[in-house]
Amino acid sequence: MAGKIPIAKTYKLFIDGAFPRSESGRTFSVNNSEGELIANVSQASRKDFREAVRAARSAQSPWASRTAYNRGQILYRVAEMLESRKPEFLELLKSIGVNNRVATREIEDSIQRLVWYAGWSDKYSQLLGSVNPVSGPYFNFTVPEPTGVVGIIAPTEPAMLGFISRIAPAIVSGNTVVVVSEAQSSLTSVTIAEVLVTSDVPAGVVNILTGDQTDLLPWMVGHLDVNAVDISGISPKTDLTHLEEVASNVKRVVSRSVDEESLELISDFLEMKTVWHPIGR
Amino acid sequence: MKMPTSNITFGKTGSSIKVIPVDEVSLEARAASLATRSIKTSSKKAALHLTIRCIDLTTLEGADTPEKVASLCQKAKRPDPSNHDVPSVAAVCVYPEMVHHAVEATRNSKVKVASVAGAFPSGLSTIEARTADISDAVKRGADEIDIVLNRSAFLSGDEQRAFEEIVASKDACGEAHLKVILEVGELGSYDKIRQASMLAMAAGADFIKTSTGKIPQASSLPRVLCMAEAVRDFAYQTNISVGIKAAGGIRTAKQAWHYLVVIGETLGSEWLNPEMFRIGASGLLNDVLLQLNRLDSGSYSGPDYVTVD
Amino acid sequence: MANSNSKDGSDLEDFGIEYASAIESTSLVTIKDKYGLFIDGEFVSSSSGKSFETLDPSTENSLSVVTEASSEDVDRAVRAARASYEKYWKKMPGTDRARYLFRIARHLQERAREFAVLETLDGGKPIKESRDVDLPLAAAHFFYHAGWADKLEYAFPQRKLEPHGVVGQIIPWNFPLLMAAWKLAPALACGNTVVLKPAETTPLTALLLAEVIRDVDLPPGVINIVTGAGATGSAIVEHPEVNKLAFTGSTEVGKLIQRSAVKRNLPLTLELGGKAPHVIFEDAALDQAIEGVINGIFFNQGHVCCAGSRLLVQESIADNFIDRLQKRIELLRVGNPLDKNTDIGAINSKAQLERIDQLVKAGIEEGAEVFKPSCSLPENGYWYPPTVLTGVQQSHRVAREEIFGPVLVVQTFRTPEEALEKANNTPYGLSAGIWTEKGSLIHWMAERLRAGVIWANTFNKFDPASPFGGYKESGFGREGGMQGLGAYLKNSGGRS
C-alpha cells in the first residue's frame, strides 16, 4: 500500500455517551471473511454491564420527559447521520462478508427504519391509548408509558439492520437500552454508537456492550434494575433455562423476528397506565 | 372568604376558620352508600319514633289561618290520637303572623314554636326590616327563628355582608334559637354549600338548615351529608356543636331514616336528637305513622287510618 | 365501634347508630354436599378420589366438599379444552361467541343475589360488597367482552389475529367470581378455550358458574373448571398443551410461574401483588379523602392487590388527618358478612389471618404505633380489626411487604417530590392514589407514579372498559378495555 500506514480504530464499549475500555481489560478479536484480523474489540464484563445499567437508569426519566416531537427529531437526526456515513458502513459490512448489493440494501433499510420509527414518536400514543367509557362520573384514560431500562441481545445478523431494528422501537417511546452485541456485529454496533454520539441522542439512552452474549445474559436477566429484556437476537443454541432469572423482578420478555418493523414492537416496550378522575363541580 | 380552601377570618369574632373543599362525586357516592343501610325491626321502630321527635311540622302558606295552625299544633302534640306511645314532634313552624296562635295552641306541651322571619324566603329586604321582623316574632313567643342566608350577597362575593347580617339576626333573636337556611338548591355546588355552612356557623347559627321549601331544589341526602361534614369540621376546629335541619321534599319515612343514618354516621349519636337535628316537613309525619301502624299491627295500613290535618 | 353482632336491637328512645341485625337470607342458595370437577360440560370425579373442605371463614363451619384435581384430571381438562377448541370454538363466528357471552352476563344478572350470598358465605366478604360490587362487575365484564367478540379486527387493525388456543387461568380468593369473569370473558371473546382453577378456599361461586355455563348451552369443553390448590395449579402451568397462561395472585407464585413459562417461551400475563401509595396533599377535599382512604384499605378486608395500603399524608395536615381518620374508623362495623350493614367481614382463611397478625407484630417490633378501634370481634371464625400503623419508616417491613389485610401504614411527606420518591420506592407498581384539588399537581403526580392504575380523588374503582394491571413486580398485561384483549390474541401487539 502506497502512502502512510493506516490508523486502525480501537473498538471500545459505549457507556453513558463515552467510549471506555472494558474494566476487565479483555478484548476479543474480529476477523474479516478471509480470516484476517480486523480489530481487537473490548469484551464487556458484568461490571461493565452494571455501569451501563446505571447510565441507562439515570438517563431514562429525562429521556422519557423529552417531548415526543423532540425524540422523533433525534431519531430522524440519527438517520441523517447514518446517511452521511453510508460509505463507511458499506466498507464495514463488506469486511465482515456481506456482499455489496446486500450491504447497500441493508444500509438503506436501516436508515429507512429509523425514519419510520422517528415518525411514530408522537403517534403511537394516540393509537394505543384510549379514553374509556366507564359506568360512572369519571374521566378515565389509558396512556402508554415506557417500561424503563431495556436489556437487548442484538442479533448478529443482519448486523446493522438487526441492531437498528431492535433499539429504535425501544427508545422512540422513552426507554433507555443496554445492548449486548457480539462477534462481527460488534463492529457495526460500535460504529453506530459514533453516529449516536453525534446525533443529539443524550448520553446513557443507548449503551452498547460488545462481548459474549452467553457471558452477559445471566447478568442481564438477573439485574433488578432492568425492566425488560429483548432476546430476539439470542443465539439458537442458548439454553433458555438461563432466562429463568427474569422472574427475579418480573421482567417483561420480548422475542421477535430480528428485523421486523411494526407498531407492535413499540408496544412491546410500553406499560399501559390508566388514570381515573371524578367529573364534578 | 374568597377561595374555598383559604383561611378566613370572620368579622368581629376574629376567629379564623379553614374551609375545606368538597369532591362532588365522592360525596354523592358516600351518601348513596349510606342509603343502603338496612334499618329493620327494633331499629326501624326507634328510627320512626326519633323521626317524629325531630320533626318541625310546618305550614308556610299564604292561606294559613288561625284554625289551620291550631289543627297543625294538635297534630304536633298528639300525632296519633289512638296511640300514646307515639311522641310529639319537636316544633311547629309558621309565619310570624301565626306565631301567637301556635304559642296558644301548644301551651303546656313540649312542642316548640318556630317562626320563619327576615323577609322569608328571599331575605331581600333591608337588614333593619329583617331584624325587626325577627324581634317581632320573638316577642310573639317564638322559641326558634328560621332566617335565610343572604344568597344575593353571598353569591356576589360579599360574604362579609352575609356574615354580618347573620350576626345581627342572632342579636335580634335574643334567647331564641337561630336556624340559618342556606337554600342549598341555589348555591350551585357542594363547595358553596360547605362555605355557606361554615360562614353561618361562624356567624353564630345554632342550626344550619337546607332549604326554604319554596324552590324545587331542596334537601337531598348528599347536600345534608355535605352540611354534616361541615358541622363535624366546625366542631373539630372550634369545639362548638351546631345542629342541622333538613327541609323540603322529605315525604317518606324511608327518606327520613336515610337522613338519620347520614347524621349518625357522620356526626355520631350525639346529633341524633331534636336538640341537634330537625326535619322540616308537613306530609312526612303521616307516612311515619303509617309505617308505625304497620310495625305494630304486622299488616299494611292505609291513608284513611291516619288523620289529615 | 359499632358492632352489628353485639346487640340485636336498640333502645326505642335512642336510635343511636346501632342497627338491628339485617341478615341477608341464604334460602336461595343450595350448596351441594360435594362438588366434582367441571370438565367437558359435566361434573366428574377425580382420578385420585381426593377432595378437600371449603369453609365459611366467618364461622369456620364446613360448607361443602370439593374435588381436588390431580394432574391426570388437569390433563383431561386440557384435552377437553383442546377438542372443544378444534371442534367448536375456533370455527364459531365471533357473533355467535358474543351471544354466549351475552347469555352468561344475563344469567349472572338474573341470579345475582344467589351468587352474592354464596360469595359471602364462602369468602367472608360483606354482602353489601358482593351484592353491589362483585356481582354487577362480573356481569358487566361478560357483557362488555361479548361485544368485542365480533369486532376484534377493529381493535387491532392490520394484524393477523389468532387465538392462542387453550388458555390456563389461575385466580385468587379475594374476588372469586369477579376474577373468573375478568379471566374468562376476554379469553372466550378472543376465541380461546379455557381451563380455569379457582382458589382452594373459595371454589363455590366458580362451581355455581359452571351451572350457568351449562344452562346457557355453551359447547362442552369451552370452559373447564378444576378445583384444587398449588399442585393443581402447577399441573396447569406445566402442561405442554396449554398455549397461554394467565395468573392473578401473589408475586411469589407469579415468579414461579414466570420461571416455568419463560423457558418454554409461553405467552403469559400476570396480575400480582401491590403496596399502593395513597397520597394526600394538604389542599385535598379531606372529608372525601378520608372516605377514599377507608375504602382504599378496608374494602374487602384489605384483601385487594391494589389496596391503598401505604398512606402518605402531607406533614402539615398529618395529625389532623390521622385523628379524623381514627374517629371515622371507630364507626366501621365489623361482623357477620351476611349482615347488610356490615362494613368489614371475615378474613378469608386462617393462614391469611396468621400472616396479617405476624406482619403487624413485626411492625410494632420495628417501632410502629398501632391503632385499633374499640370493637369486639366474633368468637368463631377469622377476624382482624381495622388497624392503622403510624410512625412507620420506609425501611420497615410493613411499609414494604404486602399485608393483604385491613392494615394501613402511615407515613408523611413535605413536598410533592418527596411524596413521589416515597410512593415509587417499592418493587410493586399496581396502583396509586392522589388527593389534591390542584389539577396540574394531579397530572404531575399521575405522570410520574410508576403504577398501572392511578386513582385521583377516588380509589378502588373498576370497570370492564378500563384496563387494569401493574408495572414492575406487580405483573404485566392488562385486564379490561381494548388493551386487555391483547393478552388473548396472537399478533395483537398487546403483551401476551
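Residues numbered from 1 in each chain as written. Chains lettered and ligands numbered in written order. Predicted model: local features only at pLDDT ≥ 70, side-chain atom pairs only at ≥ 80, totals over all residues. Heavy atoms only, no water.

Enquirer: For the overall build of chain C, give the residues involved together with the corresponding values.
Expert: A count of helical and extended segments in chain C gives 16 helices and 20 strands. For 496 residues, the compact-globule formula gives about 23 Å, and the C-alpha radius of gyration of chain C, at 22 Å, lands near that figure. Looking at chain C as a whole, 67% of its 496 residues are labelled buried. Here the analysis covers contacts within chain C between residues at least 6 apart in sequence; of these, 74% occur between residues at least 24 apart. Of the roughly 16,200 Å² that chain C leaves accessible, carbon and sulfur atoms contribute 49%. Of the charged side chains in chain C, 53 are positive and 62 negative, and the gap between their average positions amounts to 8 Å. (Helix = DSSP H or I, 4+ residues; strand = E, 2+ residues; numbered from the N terminus. Rg over C-alpha atoms; globule rule 2.2 N^0.38 Å. Buried < 20%, exposed > 50% of the residue type's maximum accessible area, 1.4 Å probe, protein only. Contact = heavy atoms within 4.5 Å. Areas by Shrake-Rupley, 256 points an atom, 1.4 Å probe, with all protein chains shown as cover. Lys, Arg positive; Asp, Glu negative; His and termini not counted. Charge placed at Lys NZ, Arg CZ, Asp CG, Glu CD.)

Enquirer: Any details on the interface of chain B and chain A? Residues and values, ideally.
Expert: Accessible area lost during the coming together of the parts is what is often quoted as the interface size. Counting residues at the interface gives six residues for chain B, matched by six residues for chain A. Summed over both sides, the interface between chain B and chain A buries roughly 510 Å², with carbon and sulfur atoms accounting for 51% of that surface. Where chain B meets chain A, there are one salt bridge. Arg281(A) is the salt-bridge partner of Glu24(B), the closest N and O atoms lying 2.5 Å from each other. Along the contact surface separating chain B from chain A lie one residue pair in polar contact (both at pLDDT 80 or more). (Buried area = accessible area lost by both parts, 1.4 Å probe. Salt bridge = Lys/Arg side-chain N within 4 Å of Asp/Glu carboxyl O. Polar contact = N/O pair within 3.5 Å; in protein donor to acceptor, adjacent residues only side chain to side chain.)

Enquirer: Give a description of the nonpolar core that names residues and reports values.
Expert: Core analysis: the biggest nonpolar cluster contains 114 residues, and Leu209(C) and Ile280(C) have the highest contact counts within it. Broken down by element, the residue count for this core peaks at 11 residues, all from helix H6 (residues 176-189) of chain C. The residues touching Leu209(C), leaving out its near neighbours within four places in the chain, are Ile104(C), Leu108(C), Phe115(C), Leu177(C), Ala180(C) and Leu184(C). Residues Val22(B), Ala117(B), Ile193(B) and Leu225(B) belong to the second largest nonpolar core, which totals 96 residues. (Core = buried A, V, L, I, M, F, W, Y, C linked by side-chain atoms within 4.5 Å.)

Enquirer: Explain the sheet that holds strand S12 (residues 277-280) of chain C to me, using residue names and the numbers behind them.
Expert: Pairing is mixed across the open sheet formed by 10 strands, whose spatial order is S3(A)-S4(A)-S10(A)-S18(C)-S17(C)-S12(C)-S13(C)-S16(C)-S15(C)-S14(C). Edge positions in the open sheet fall to strand S3 (130-131) of chain A together with strand S14 (369-371) of chain C, since each of these has one partner strand only. One ladder, built from four bridges, connects S12(C) with strand S13 (residues 310-314) of chain C; its direction is parallel. The partner of His278(C) across the bridge, within S13(C), is Leu311(C). (Pairing = 2+ DSSP bridges.)

Enquirer: Can you break down the packing of aromatic side chains residue by residue, with the values?
Expert: Tallying each qualifying case throughout the model produces 18 aromatic pairs over all chains. Judged by centre distance (6.0 Å) and plane angle (75°), the ring pair of Tyr95(B) and Phe120(B) falls under edge-to-face. With Tyr95(B) in the loop between strand S4 (91-94) and helix H4 (99-106) and Phe120(B) in the loop between strand S5 (112-116) and helix H5 (127-139), the pair connects residues that are 25 residues apart, well separated along the chain. With centroids separated by 5.2 Å and ring planes inclined at 70°, the aromatic side chains of Trp182(C) and Phe468(C) adopt a geometry described as edge-to-face. A residue pair is termed long-range when its members are at least 10 positions apart, and Trp182(C) in helix H6 and Phe468(C) in the loop between strand S18 (453-456) and strand S19 (475-476) qualify at 286 residues. By relative accessible area, Trp182(C) is classed as buried at 4%. (Phe/Tyr/Trp six-rings, centres within 6.5 Å; stacked < 30°, edge-to-face > 60°.)

Enquirer: Give me the lowdown on the confidence of the model for chain C, citing residues and values where you can.
Expert: With 96% of its residues at a pLDDT of 70 or more, chain C has an overall mean of 95. Counting interchain partners and residues more than four positions distant, the pLDDT-below-50 stretch residues 1-13 of chain C has 45 contacts. (pLDDT = per-residue confidence, 0-100.)

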